[in-house]
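# Coordinate inspection notes
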Amino acid sequence: MALAGFTVNPVVTSLAVRFAGDAPTLTSALTTSGYNTGIAAGSLVAGRALDSSLGLTGPALVGAVFAALTLLPLIALALRGTTGPSRIVAHRTINTAGEPETADATSATAR
């Protein structure tokens, strides 16, 4: 269960960043905050389930529900795909005068 949980995080983050548009840094930060919120909420709910009549099966049930809640939006994003053009990130280069300039991917490959 831990292997599946930790391997989903990079996939979800990369999908979120891909669909973020002009705010990939904010999206990455919010995704990480979501993981931490899920860890705290999952621990709270699993602890309460452990104290309930479910006993030792309570935390496993909570983990299965949280996994399903994670996979549903991930599957929806994966099936949606990208319809817009890809975002080209500008690279910083140094011109001959020593001043930094911004070049897009086409001029960087022409050099």
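Residues numbered from 1 in each chain as written. Predicted model: local features only at pLDDT ≥ 70, side-chain atom pairs only at ≥ 80, totals over all residues. Heavy atoms only, no water.

### Here's the deal with the overall build of the protein
Cut-off, in case you're wondering: Strands are runs of DSSP state E lasting at least 2 residues, helices are runs of H or I lasting at least 4, and numbering of each runs from the N terminus. Buried, partly exposed and exposed residues are distinguished by accessible area as a fraction of the type maximum, computed with a 1.4 Å probe on protein chains only: under 20%, between the cut-offs, and over 50%, respectively. Any pair of residues with heavy atoms lying within 4.5 Å of one another is described as a contacting pair. Using a 1.4 Å probe, the Shrake-Rupley method yields the accessible areas, and only the shown protein chains count as cover for residues.
Helix and strand content of the protein: four helices and two strands. When its helices and strands are written in sequence order, the protein yields α-α-α-β-β-α. Buried residues in the protein amount to 14% of all 111 residues. When contacts within the protein are restricted to residue pairs at least 6 apart in sequence, those whose partners lie at least 24 apart make up 31%. Split by element, the accessible area of the protein, about 8200 Å² in all, is 67% carbon and sulfur.

### Some details on the side chain of Thr13
With respect to the helices and strands, the residue Thr13 is situated in helix H1 (residues 2-18). A relative accessible area of 17% means that Thr13 is categorised as buried. For Thr13, the contacting residues outside a window of four places in its chain are Ser28, Thr31 and Tyr35.

### A word on the side chain of Thr27
If you trace the backbone, Thr27 turns up in helix H2 (residues 24-51). Overall, the relative accessible area of 17% leaves Thr27 in the buried class. The residues touching Thr27, leaving out its near neighbours within four places in the chain, are Ala16, Val17 and Ala20.

### A short note on the environment of Ala46
For Ala46, the location among the structural elements is in helix H2. Under the relative-accessibility criterion, Ala46 is labelled buried at 17%. Taking the C-alpha atoms as reference points, Ala46 and Leu61, separated by 15 residues in sequence, lie 8.4 Å from one another. Setting aside residues no more than four positions away along its own chain, Ala46 makes contact with Pro59 and Val62.

### Regarding the packing of H2 against helix H3 (residues 57-80)
A pair of packed helices can be characterised by two numbers: the angle between their axes and the separation between those axes. For clarity, the threshold we go by: To define axes, lines are fitted to C-alpha atoms, for helices over the stretch in contact only, and angles between the resulting N-to-C directions are given on a 0 to 180 degree scale. Here a crossing is taken to be left-handed if its near helix is turned anticlockwise relative to the far helix by less than a right angle, and right-handed if that turn runs clockwise. Classification convention: Asp, Glu, Lys, Arg as charged; Ala, Val, Leu, Ile, Met, Phe, Trp, Tyr, Cys, Pro as nonpolar; all other residues, Gly among them, as polar.
Closest axis-to-axis distance for the H2/H3 pair is 8 Å, and the angle between their directions is 145 degrees. As H2 runs across H3, the sense of the crossing is right-handed. Every residue of H3 that contacts H2 at Gly38, Ala41, Gly42, Val45, Ala46, Ala49 and Leu50 is listed here: Gly58, Pro59, Val62 and Phe66. Across the contact of H2 with H3, the residue classes tally to eight nonpolar, three polar and no charged.

### Side note on H2
As a reminder of what qualifies: Working rule for helices: expected span equals 1.5 Å times residues minus one.
Spanning 28 residues, H2 covers 41 Å between terminal C-alpha atoms, matching the ideal 40 Å at 1.5 Å per step. Along H2, the residues classified as buried are Thr27, Thr31, Tyr35, Gly42, Ala46 and Ala49.

### Topic: a nonpolar patch on the surface
We count it as follows: Patches were defined on residues exceeding 30% relative accessible area and lacking a salt bridge, with like-charge contacts within 9 Å and nonpolar side-chain contacts (Val, Leu, Ile, Met, Phe, Trp, Tyr) within 5 Å. In what follows, salt bridge is the name for a side-chain nitrogen of Lys or Arg lying within 4 Å of a carboxyl oxygen of Asp or Glu.
A cluster of nonpolar side chains, namely Leu54, Leu61, Val65, Leu69 and Leu72, defines an oily patch on the protein surface of about 470 Å² accessible area. Among the structural elements, Leu54 can be located in the loop between H2 and H3.

### Points about H3
The end-to-end C-alpha separation of H3 is 35 Å, in line with the 34 Å expected for 24 residues at 1.5 Å each. Among the residues making up H3, those that are buried are Gly58, Val62 and Leu74.

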